[in-house]
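Residue strings, one per chain:
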Amino acid sequence: MATVLLVEDDDHVRQAFLRELRDLGHAVRSAARALDALRDAAAHAPDVVVLDLGLPDLDGGEALKMLRAVSDVPVIVATARDGEPEIIRLLQSGADDYLVKPFSAGHLHARIEAVLRRTRTETRQRALQVGELNIDLDRRQAKLGGTALQLARLEFDMLAFLARNAGRVVTRRELLTEVWQQPYGDDQTIDVHLSWLRRKMGERSASPRYLHTVRGVGVMLTAPE
């Protein structure tokens with residue numbers, strides 16, 4: 001399965017998830033404090049981090065930013081805060097997924113598997129070219145007009161999937177299934193990542209060049225005429 005770093009300050013919750021995730025086949029390490037978790041992640045390179053936000057020594061959101069500065073490890077945030085601004089903030093800070101408390105070990109296990117499928121998927125094509133957009137799948141690098149785009153993992157995955165399907169409308173359900181590896185979800189997550197992707201590509205939704213939204217359907221990537 002996977003090596004999981006579980007960051008949770010509630011001892012009863014942490015021990016329960018440790019047992020259940022290990023029973024499901026994962027190798028699990030744990031930490032009760034943010035700084036301990038950062039040290040553990042640096043020393044042991046887990047496959048995925050499950051990060052609670054309510055930590056005693058450091059806000060989980062700040063810990064996420066610190067982790068993102070030094071590692072590309074997938075992070076699933078566990079939060080009791082389910083408001084839209086909070087979810088957007090977490091995604092902007094580098095979370096790959098989130099779960100709103102309370103949730104079961106089975107639900108967490110399914111999210112871990114989905115994140116790992118997404119990050120471990122190997123593509124058959126080595127490079128994609130759409131107009132002046134070049135995507136190197138092996139190096140996970142994208143360039144537009146020869147200039148490198150600084151993309152987060154999910155932004156790159158979304159762009160690569162759209163490029164593989166250039167010239168046709170990709171539905172939001174396809175993006176959830178193929179990029180997020182989830183059979184369901186809300187459009188908010190897709191819209192947030194699409195907005196960041198547009199910004200980094202130097203375009204706006206009102207005047208798109210490559211990324212065209214088809215209202216009520218999805219998104220199409222095509223080269224400018």
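Our subject is the structure that appears above.
The shown structure was predicted, so the numbers you read here are calculated from the model rather than taken from an experiment. (Residues numbered from 1 in each chain as written. Predicted model: local features only at pLDDT ≥ 70, side-chain atom pairs only at ≥ 80, totals over all residues. Heavy atoms only, no water.)

Re the overall build of the protein
Secondary structure assignment for the protein yields eight helices and twelve strands. What you see for the protein is a C-alpha radius of gyration of 18 Å, in line with the 17 Å of a compact globule of 225 residues. By the burial criterion, 47% of the 225 residues in the protein qualify as buried. When contacts within the protein are restricted to residue pairs at least 6 apart in sequence, long-range pairs at least 24 apart make up 56% of them. (Helix = DSSP H or I, 4+ residues; strand = E, 2+ residues; numbered from the N terminus. Rg over C-alpha atoms; globule rule 2.2 N^0.38 Å. Buried < 20%, exposed > 50% of the residue type's maximum accessible area, 1.4 Å probe, protein only. Contact = heavy atoms within 4.5 Å.)

A word on the pairing of strand E7 (residues 133-136)
Looking along a regular strand, one sees side chains alternate from face to face of the sheet. Burial of E7 is one-sided: the residues Leu-133 and Ile-135 facing one way are buried, the residues Asn-134 and Asp-136 facing the other way are not. Sheet analysis places strand E6 (residues 127-130) next to E7, joined by four bridges and oriented antiparallel. Within E7, the position partnered with Leu-128 by the bridge is Ile-135. Linking E6 to E7, which pair antiparallel, is a turn of two residues; within it Gly-131 sits at a positive phi near 60°. (Pairing = 2+ DSSP bridges.)

Focus on the nonpolar core
Ranked by internal contacts, the top residues of the largest apolar core, which has 30 residues, are Leu-133, Ile-135, Leu-159, Leu-175 and Met-201. At the level of elements, E6, E7, strand E8 (141-144), helix H6 (153-164), helix H7 (172-178), helix H8 (187-200) and strand E12 (218-221) are the ones that each hand at least two residues to this core. Sort the elements by how many residues they give to this core and H6 lands first, with eight residues. Setting aside its immediate chain neighbours within four residues, Met-201 contacts Leu-133, Leu-144, Leu-149, Leu-159, Tyr-210 and Leu-211. (Core = buried A, V, L, I, M, F, W, Y, C linked by side-chain atoms within 4.5 Å.)

Some details on the packing of aromatic side chains
Tallying each qualifying case throughout the model produces one aromatic pair. Here Phe-17 and Phe-103 contribute two aromatic rings whose centre-to-centre distance is 5.5 Å and whose plane-to-plane angle is 35°, an arrangement assigned as tilted. Here Phe-17, found in helix H1 (residues 11-23), pairs with Phe-103, found in the loop between strand E5 (97-100) and helix H5 (105-120); they are 86 residues apart in sequence, far enough to count as distant. Residue Phe-17 is classed as buried on the basis of its relative accessible area of 13%. Judged by relative accessible area, which is 17%, Phe-103 ranks as buried. (Phe/Tyr/Trp six-rings, centres within 6.5 Å; stacked < 30°, edge-to-face > 60°.)

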